[in-house]
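# Structure at a glance
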Amino acid sequence: SPWEGKAMASRNSCWKDENLLELGRKKQPLIKIEGKRLPAKSISVFKDKNPSGWYLSGWKGGDMKISKDGKDACLELSSKGAGGASYQTKRREAVIDLGSHEKAKWSLQMKIRCAAGQSYGDLKMKVLSMDEEIRTKEVALPAKLDGSVSDWQEVKIPLSSFLEDSKRELDSFSGFSIRTAGEFKSPLLIDQVTLEPK
C-alpha cells in the first residue's frame, strides 16, 4: 500500500542518517582531555582541629587525643609503656592524594613540644598509605626528646625516608603512627602537621 511504502522510506532514511552520523564520528579526531594537576603547595594534615574522616587511636600503652595548648588545639601523645598511637584516615575520600598534585619531593613537617625535664626516649615514626603495594619503614623522630628543649621544635622528614624502596613514590598519604618505648610523665604535643613540597 502507499502508506507502507512511505513508512519504509521513512525507516530507510532514518537508518541512512544514523549511518552517516556514525561514519562522521569515526572520522573525527579523538579529543584527549588531560586533567590539570593541583599545584605542589603546602597541604594541611592537622592544624587547630581534626578534619572530617580522620581518627585518633592507640595500642598497648600509647594513646593519641586532641587537647588544648593555650587557645589552640593540638595532638597529644601519651604513653604508659611500650606501645604507640596513630593519627590517620581509613576513608578513601579523606586520603590526601599526592598523585593529583604536580610532581614534588614531599616532606612530612610538624611542630612538637616536650615537657621540661621529660625524656621521651627513642620514638619511631611511620607514615601510612592506602596503597598496599608500597612498603614503608619506621624512622627515628629527629628532635631533642630529652627535655632540654621545652619550646616548639620543627621536625621535617622527607617522605622518601619512610619508603623501603627509594625508587618508589608515595601516591597517597593517610596518616602517621608513632611507637613509644617507655612511659611518659607528661604527654608530647604535636601541632601544625603539613606535607611540604620541595
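Shown above is the structure to which this text applies.
Let us look at the structure shown here. (Residues numbered from 1 in each chain as written. Predicted model: local features only at pLDDT ≥ 70, side-chain atom pairs only at ≥ 80, totals over all residues. Heavy atoms only, no water.)

Here we take up the side chain of His101. The residue His101 is located in the loop between β4 (96–97) and β5 (107–113) in this model. A polar contact of 3.1 Å, which involves the side chain of His101, links it to the backbone oxygen of Asp97. With near-sequence residues (within four places) excluded, His101 lies in contact with Arg37, Leu38, Pro39, Ile43 and Trp106. (Helix = DSSP H or I, 4+ residues; strand = E, 2+ residues; numbered from the N terminus. Polar contact = N/O pair within 3.5 Å; in protein donor to acceptor, adjacent residues only side chain to side chain. Contact = heavy atoms within 4.5 Å.)

Residues Leu108, Leu159, Phe173, Phe176, Leu188 and Leu195 are the most contacted members of the largest nonpolar core, which totals 40 residues. Mapped by element, the contributors of at least two residues to this core are β1 (43–46), β2 (54–69), β3 (72–89), β5, β6 (124–128), β8 (153–158), β10 (175–180) and β11 (188–196). (Core = buried A, V, L, I, M, F, W, Y, C linked by side-chain atoms within 4.5 Å. Buried < 20%, exposed > 50% of the residue type's maximum accessible area, 1.4 Å probe, protein only.)

Quick look at the pairing of β3 now. Counting buried residues in β3 gives 14 out of 18 residues, a clear majority hidden from the surface. In terms of strand pairing, β2 meets β3 through 15 bridges, oriented antiparallel. Across the sheet, residue Lys60 finds its bridge partner in β3, namely Gly83. The turn linking β2 back onto β3 is made up of 2 residues, and Gly70 within it adopts a positive phi angle of 70°. Pairing of β3 with β10 involves 6 bridges; the strand directions are antiparallel. (Pairing = 2+ DSSP bridges.)

Within the secondary structure, Met125 sits in strand β6. Between the C-alpha atom of Met125 and that of Phe176, which follows or precedes it by 51 residues, the distance is 7.0 Å. Discounting residues that sit within four places of it in the chain, Met125 has contacts with Leu108, Met110, Lys137, Glu138, Val139, Leu141, Ile157, Phe162, Phe176, Ser177 and Ile178.

The calculated volume of the largest pocket comes to roughly 350 Å³. The wall of the largest pocket is formed by 18 residues, among which Ala104, Lys105, Trp106, Glu169 and Leu170 lie closest to the centre. The class makeup of the residues in the lining of the largest pocket is 7 nonpolar, 4 polar and 7 charged. (1 Å grid on protein atoms, 1.4 Å probe; cavity = no way out; pocket = protein on both sides within 12 Å on 5 of 7 lines; lining within 4 Å. Points joined across faces, edges and corners; volume = space filled by probe spheres on them. Nonpolar A, V, L, I, M, F, W, Y, C, P; charged D, E, K, R; others polar.)

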